[in-house]
Amino acid sequence: MSRTHTSDVLVVGGGIIGLVTAWRAAQRGFTTTVVDPGPGGGAGQVAAGMLAAVTELHHGEQTLLGLNLESARRYPDFAAELTEATGLDLGYRRSGTLAVALDADDRAHLRELHTLQRRSGLQSEWLNGRECRRLEPMLAPGVRGGLRVDGDHQIDPRRLSRALVTACERAGVVFHRAWAEELSVVRGRAAGVRADDGTGLTAGRVVLAGGSHSGRLAGVPDDVLPPVRPVKGQVLRLTVPERYAPFLTRTVRAVVRGSHVYLVPREDGELVVGATNEELGWDTTVTAGGVYELLRDAHELVPGITELPLTETRAGLRPGSPDNAPLLGPTALDGLLLATGHHRNGVLLAPVTGDVLAHVLVSGELPAVARDFTPLRFRAGARRELSEQTV
Ligand code: GLY
């Protein structure tokens, strides 16, 4: 006989976004279940954890910038609340970011970014090469200049994931350790999922927060299925031995020959180097070429990196969306909400995503901060439908 389990809210996916959604839902008094074979896993196990609203600004993404900045603004309180709830250190470090240029092309690119940042009212200071090296003496002598952004911080996504699992447990969230296999739709409304262990998980509302997998849950009508695709990122972890500390005091990043490279130094001596950006479907192979390119580019920035032990190589899948922005809130299927498509900004957007989804679960409506991120934006003539929805 198949088993069933019922809750008010069922979250499909136990990565950072699913966990923060479940935590906030449970805090609002909803009985909440997360279905995932390994809660706390997913892209958060690979991500570097840069909270880089300003240095990752791109032309044409000003709307996303607003949401990124709002989430960055909420980070201090979010981190304090999560630490208070769990007693766990999140590796939250407000040490700033330095984006540097190695040649004339990089310099022109950074100058353009600086203009866009200033036009957007953001805090960012232009430094010449000598000033960059005064801040970070390990930088290559050839660095031509850079942007100092003290407001772009970092958190350790593995610690964050662990803390969110603990916070969820303490708030009464039930973890069902299995894959969600198929959404059940009853009388035109999402009613739960069937898990691959045969359990039927029923719920008043289902939140699909499956990261890069969100677009392939069986049973979701084609026109509701989120247009999310996997975007591979290979990431390296090195260790800074005591005798080299402090190797870097802040995140250092650059665009080298058109590829983004960043070095994120943690207080515990870990140094994260990322990341490739590859459209290869579900492939998570760590390749010699990927590792070579990351080390080559990182070495051009910080030559001393070759002295450090290389402790881990890993690849993860970002949940890419057509406009690089997340899909948040009600869908055209009653009872089904989305929290996915966060692409390069999942860790940064965790606080605001949790708050937005909690608001939707309580009120049935997207708060103003998230209106532009409705999943309905990908359906023709869909904005009208939002106010008519029952969620
Ligand atoms: N936000 C950094 C990355 O996605 O590689």
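Definitions and limits used
- Residues numbered from 1 in each chain as written.
- Predicted model: local features only at pLDDT ≥ 70, side-chain atom pairs only at ≥ 80, totals over all residues.
- Heavy atoms only, no water.
- UniProt positions renumbered as here; feature names shortened; annotations may be inferred.
- Helix = DSSP H or I, 4+ residues; strand = E, 2+ residues; numbered from the N terminus.
- Buried < 20%, exposed > 50% of the residue type's maximum accessible area, 1.4 Å probe, protein only.
- Contact = heavy atoms within 4.5 Å.
- Polar contact = N/O pair within 3.5 Å; in protein donor to acceptor, adjacent residues only side chain to side chain.
- Phe/Tyr/Trp six-rings, centres within 6.5 Å; stacked < 30°, edge-to-face > 60°.
- Lys NZ or Arg CZ within 6 Å of the ring centre and 35° of its normal.
- Near = heavy atom within 4 Å.
- Areas by Shrake-Rupley, 256 points an atom, 1.4 Å probe, with all protein chains shown as cover.
- Axes fitted to C-alpha atoms, helices over the stretch in contact; angles between N-to-C directions.
- Parallel < 35°, antiparallel > 145°, perpendicular 65-115°, else oblique.
- Left-handed = near helix turned anticlockwise from the far one by under 90°.
- Nonpolar A, V, L, I, M, F, W, Y, C, P; charged D, E, K, R; others polar.
- Pairing = 2+ DSSP bridges.

The protein is annotated in an unreviewed UniProt entry as glycine oxidase from Streptomyces heilongjiangensis. Its UniProt record gives the protein the following Pathway (unreviewed entry) comment, quoted word for word: "Cofactor biosynthesis; thiamine diphosphate biosynthesis." According to the UniProt record, the Catalytic activity (unreviewed entry) comment for the protein is "glycine + O2 + H2O = glyoxylate + H2O2 + NH4(+)".

S.K.: Looking at this model, I keep getting lost on the environment of D36. Mind explaining?
M.R.: Examined against the element boundaries, D36 turns out to sit in the loop between strand 2 (32-35) and strand 3 (50-51). Taking the relative accessible area as the measure of exposure, D36 reaches 14% and is therefore buried. Linking D36 and R177, residues 141 residues apart in sequence, is a C-alpha distance of 5.1 Å. Aside from chain neighbours lying at most four places away, what touches D36 is G13, G14, G15, H176, R177 and A178. For D36, the side chain forms a polar contact with the main-chain nitrogen of G14, separated by 2.6 Å.

S.K.: Got a minute to help me understand the packing of aromatic side chains in this structure?
M.R.: In this description, a pair of aromatic rings is defined by centroid distance and the angle of the planes. Counted by the stated rule, this structure contains three aromatic pairs. For the ring pair Y75 and F78, a centre distance of 5.5 Å and an interplane angle of 85° mean the geometry is edge-to-face. Separated by three residues within a single helix, Y75 and F78 lie in helix 2 (residues 62-86), roughly one turn from each other. Among the residues examined, F78 registers a relative accessible area of 2% and is labelled buried. Here a set of aromatic residues connected by ring pairs shows up, and it is made of W23, Y75, F78 and Y92. The positively charged end of R24 is found above the aromatic ring belonging to W23, 4.4 Å away from the centroid.

S.K.: What's the story with the site of the ligand in this structure? I'm lost.
M.R.: Near the ligand, the surroundings consist of M50, E56, Y262, A275, R318 and R344. In this structure, a nitrogen atom belonging to the ligand sits 3.2 Å away from a side-chain N or O atom of E56. A distance of 2.7 Å separates an oxygen atom of the ligand from a polar side-chain atom of R318. Protein chains shield 88% of the accessible area of the ligand, which is 200 Å² for the free molecule.

S.K.: In this structure, what is going on with the packing of helix 1 (residues 16-27) against helix 7 (residues 350-363)? I would like to understand it.
M.R.: Each pair of packed helices can be summarised by the angle the axes make with each other and by the distance between the axes. Interhelical geometry of helix 1 versus helix 7 gives an angle of 45° and a closest axis separation of 8 Å. By the angle class used here, helix 1 and helix 7 are oblique. When you trace helix 1 past helix 7, the crossing you get is right-handed. Only A350, T353, G354, D355, L357, A358 and L361 of helix 7 make contact with helix 1, whose side of the interface consists of I16, I17, V20, T21, R24 and A25. Here the contact of helix 1 with helix 7 is built from residues that sort into eight nonpolar, three polar and two charged.

S.K.: Is there a simple way to think about the pairing of strand 11 (residues 200-208) in this case?
M.R.: A regular strand carries its side chains on alternate faces of the sheet. Where burial is concerned, most of strand 11 is hidden: seven out of the nine residues are buried. With eight bridges joining them, strand 1 (residues 4-12) and strand 11 adopt parallel strand pairing. From the neighbouring strand, T6 faces strand 11, where its bridge partner is T202. By the bridge criterion, three bridges tie strand 10 (residues 189-195) to strand 11 in an arrangement that is antiparallel. For R194, the partnering residue across the bridge sits in strand 11 and is G200. Between strand 10 and strand 11, which pair antiparallel one after the other, the connecting turn spans four residues, and G198 there sits at a positive phi close to 95°. Pairing geometry for strand 11 and strand 18 (residues 336-340), over three bridges, is parallel. Across the sheet, residue L208 finds its bridge partner in strand 18, namely L338.

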